[in-house]
Amino acid sequence: MTERRTATDAEARALASALRLRILRICVRKPHTNKEIAAILGRDPASVLHHTRTLVRTGFLEAQEERRGARGAREIPYLATHKSWNLESPALERSMLDAFLEELALVPATESEGTRMALRLPPAQMEEFRTRLKDLLGEFADRPDDPTAPAWSLFLVVHPDPNRP
């Protein structure tokens, strides 16, 4: 897996929004216009446009070839650049959690699966665990997208357990 670099101030501000992270997820494999993004999010296109432009300006979204809509209107689809996958930012961690919680709230409880686990491993084994987990996630992320398959989401956090000193 690629090493992460520290986000610039502008990148960190752009990623500090759960809504912007949701926009990136919408555009991760297939380009969408601002109007399509707004419809998926159930938001006003004008308010979404501000966020879309911020993501374009900071390099997280890339405009694709212009097309004509149903009534001949000019439409610009946007595609995620995957740039955020290689950045470290404290703001990103919180906004990722907020975006995850917003998305999870939209899914029926019977369609989600969660688990929590407690570990007590020596540092070398914990490092092995983290490495193997990153490798597994990277392996699946690198697989080609099957547009006929259902879309799935995964959120994973590894942190020290404050309840078990």
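A few points on the structure. (Residues numbered from 1 in each chain as written. Predicted model: local features only at pLDDT ≥ 70, side-chain atom pairs only at ≥ 80, totals over all residues. Heavy atoms only, no water.)

**Overview of a nonpolar patch on the surface**
Together, L101, L104, L106 and V107 give the surface a local cluster of nonpolar side chains, amounting to about 340 Å² of exposed area. Structurally, the position occupied by L106 is in the loop between α5 (90-105) and α6 (123-141). The exposed category is assigned to L106, whose relative accessible area is 62%. (Patch = residues over 30% accessible without salt bridge, like charges linked within 9 Å, V, L, I, M, F, W, Y side chains within 5 Å. Areas by Shrake-Rupley, 256 points an atom, 1.4 Å probe, with all protein chains shown as cover. Salt bridge = Lys/Arg side-chain N within 4 Å of Asp/Glu carboxyl O. Helix = DSSP H or I, 4+ residues; strand = E, 2+ residues; numbered from the N terminus. Buried < 20%, exposed > 50% of the residue type's maximum accessible area, 1.4 Å probe, protein only.)

**Some words on the pattern of salt bridges**
One pass over the full model with this rule turns up 13 salt bridges. A salt bridge links E66 to R74; the shortest N-O distance between them is 2.6 Å. With relative accessibility at 38%, the residue E66 sits in the partly exposed group. Owing to a relative accessible area of 54%, R74 belongs among the exposed residues under this scheme. Linking E75 and R67 is a salt bridge whose minimum nitrogen-to-oxygen distance equals 3.4 Å. Look at the salt bridges and you will find they share partners, linking R22, R25, E102 and E103 into a network.

**Digging into the pairing of strand β6 (residues 77-80)**
Pairing between strand β2 (residues 32-33) and β6: two bridges, direction antiparallel. Residue pairing across strands places T33 opposite P77, the latter belonging to β6. With three bridges connecting them, strand β3 (residues 61-63) and β6 associate as antiparallel partners. Within the sheet, the bridge partner assigned to L61 lies in β6 and is A80. (Pairing = 2+ DSSP bridges.)

**Focus: the layout of surface pockets**
Here the second largest pocket defines a volume of roughly 300 Å³. Taken together, T33, N34, K35, L49, A70, R71, A73, R74, E75, I76 and Y78 make up the full set of residues lining the second largest pocket. Counting only elements with at least two residues in the lining of the second largest pocket, the list comes to α3 (34-41) and β5 (74-75). Taken together, the residues of the lining of the second largest pocket sort by class into five nonpolar, two polar and four charged. (1 Å grid on protein atoms, 1.4 Å probe; cavity = no way out; pocket = protein on both sides within 12 Å on 5 of 7 lines; lining within 4 Å. Points joined across faces, edges and corners; volume = space filled by probe spheres on them. Nonpolar A, V, L, I, M, F, W, Y, C, P; charged D, E, K, R; others polar.)

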